[in-house]
Amino acid sequence: MIDAHIHLDDKRFDKDRHYLIKQALDAGIKQFITPAVTSSGFAKLKELSNHYPSIIPAYGLHPYFINQHKKNDIKYLDMWLSANKSCAVGECGLDYFLKDLDKDIQQFYFDAQIELAKKHHLPLILHARGAVDAVFCALKNANYYNAMIHSYNGSIEQTRQLIDKGVKFSFGGAIYNPNAHKLHKLVKYCPLDSIMFETDAPDQNSYPDFKLRNEPINLIKVINYYSQLTNHNLEQVKSQSSITCLHFFK
Ligand SMILES: [Zn+2]
């Protein structure tokens, strides 16, 4: 299995990262797609991925941290992508859920990173909280659809159009909340070969442990729940989602 979106470089893992990675590896989770969120974190992520070959790094500027980004970070990211292995550009995108994040500034960093993904022939790892339409619109404007939306939650109509363009989705712990009826409908709608699975750890722990730190091992719960929900064979789910991940992130 592969965790398609996890922040293993987060400082909340500094004390027990080694143990958590071993625990996940022993359980069959072999790789962790780990996107940086600010330029100040690039060096730490690179160092961790050198130390742990299971950590697959991506570099980007997350919309949540626009107050920490500087316009020069785009140039820095461009140089960093030329000099370092990255499986994608991201985490980037738009967040319209938090009202104090300026939409124009977010758009500036997002559009610039779509151009960098094009330039470096890399896929995009997208954050689209409350902003699936706006994210889709930006991809349309750039005519670039080599992208996955993590922790995806869009409408069926949006999803149909995104699938048409080849955009992929990943689902996390939100799906094993028994009350997430709308999300369950969406998950069932998506063809298995369009989706991956993630934890987004240490964030987004789910039912019933919302307040606890999320951990890499919880990917098992996500995948098990998905297979029950959709009546797909568990082994088929594991292998197909890994294949999707390997193809997408090369
Ligand atoms: Zn994330």
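Our subject is the structure listed above.
Here's a quick rundown of the structure.

1. Overview of the packing of helix α7 (residues 181–189) against helix α8 (residues 219–230)
Between two packed helices, the angle of one axis relative to the other and the distance separating the axes together describe the packing. The geometry of α7 relative to α8 is characterised by a closest axis approach of 10 Å and an angle of 80 degrees between their N-to-C directions. Between α7 and α8, the interaxial angle falls into the category roughly perpendicular. Along the contact surface, α7 presents His184, Val187 and Lys188, while α8 presents Tyr226, Leu229 and Thr230. Of the residues belonging to the contact of α7 with α8, the class tally is three nonpolar, two polar and one charged.

2. Considering the pairing of strand β4 (residues 89–95)
With seven of its seven residues buried, β4 lies for the most part within the structure. The pairing of β4 with strand β5 (residues 124–129) spans five bridges and is classified as parallel. Bridge pairing in β5 links Gly93 to His127. You can see the chain leave β4, run along helix α4 (residues 103–119) and come back into β5, and the turn it takes is right-handed.

3. Section: the sheet that holds strand β3 (residues 55–58)
Here we have three strands laid out as an open sheet, ordered β1-β2-β3, and parallel in their pairing. The open sheet has two free edges, formed respectively by β1 (2–3) and β3, since each of these has just one partner strand.

4. Quick word on the environment of Ser242
Along the chain, Ser242 falls in helix α9 (residues 234–249). Residues Ser242 and Gly130, spaced 112 residues apart in sequence, show a C-alpha to C-alpha distance of 27 Å. Look past the residues within four positions of Ser242 in its chain and what remains in contact with it is Met1 and Ile2.

5. Remarks on unusual backbone geometry
Looking along the chain, the bond that leaves Gly90 and enters Glu91 is cis, with omega of 20 degrees. Residue placement: Glu91 occurs in strand β4. Omega for the peptide link from Ala201 to Pro202 comes to 5 degrees, which places this bond in the cis form. Residue Gln204 is not a glycine yet carries a positive backbone phi of 55 degrees. Tracing the sequence through the fold places Gln204 in the loop between β8 (195–197) and α8. According to the C-beta neighbour criterion, Gln204 is partly exposed, with 17 such atoms within 10 Å. Its identity is not glycine, yet Lys250 carries a phi of approximately 50 degrees, on the positive side. If you trace the backbone, Lys250 turns up in the segment after α9.

6. Considering the sheet that holds β5
What the five strands build is an open sheet, ordered β4-β5-β6-β7-β8; its pairing is parallel. Edge positions in the sheet fall to β4 and β8, since each has one partner strand and no second. Each neighbouring strand pair of the sheet contributes to a mean axis angle of 30 degrees, computed without reference to strand direction. Inspection of the sheet shows strand β7 (residues 168–171) paired to β8 by three bridges, in the parallel sense. Paired with Ser170 across the strands is Met196, a residue of β8. Each of β4 and β5 is contacted by α4, which is oriented at about 150 degrees to β4, the strand it contacts most. In the packing of α9 onto the sheet, contacts are made with β6 (147–149), β7 and β8, and the angle to β8 comes to roughly 100 degrees.

So, how was this worked out
- Chains are numbered independently. Their residues run from 1 in the order of the written sequence.
- Restriction of local features to residues with pLDDT of at least 70 applies here, the model being predicted, together with a cutoff of 80 or more for giving and counting side-chain atom pairs; totals for whole chains, interfaces and linings are based on all residues.
- Structural elements are reduced to axes, namely lines fitted to C-alpha atoms, with helices fitted over the stretch in contact, and the angle between N-to-C directions of any two is expressed from 0 to 180 degrees.
- Helix and strand definitions follow DSSP, with helices as H or I runs of at least four residues and strands as E runs of at least two, each counted in order from the N terminus.
- Roughly parallel covers angles under 35 degrees, roughly antiparallel covers those over 145, roughly perpendicular covers 65 to 115, and oblique covers all other angles.
- Throughout, a pair of residues is in contact if the C-beta atoms placed from their backbones lie within 7 Å.
- In the scheme used here, Gly and all other residues not listed as nonpolar or charged are polar, with Ala, Val, Leu, Ile, Met, Phe, Trp, Tyr, Cys and Pro taken as nonpolar and Asp, Glu, Lys and Arg as charged.
- Any residue whose C-beta has 12 or fewer other C-beta atoms within 10 Å is treated as exposed, any with 20 or more as buried, and any in between as partly exposed, C-beta atoms being built from the backbone.
- Between any two strands, at least two bridges found by DSSP are needed for them to pair.
- Seen with its strands pointing away from the viewer, a crossover is right-handed when the path leading from the first strand over the helix to the second is clockwise.

The analysis is restricted to geometry; functional conclusions fall outside its scope.
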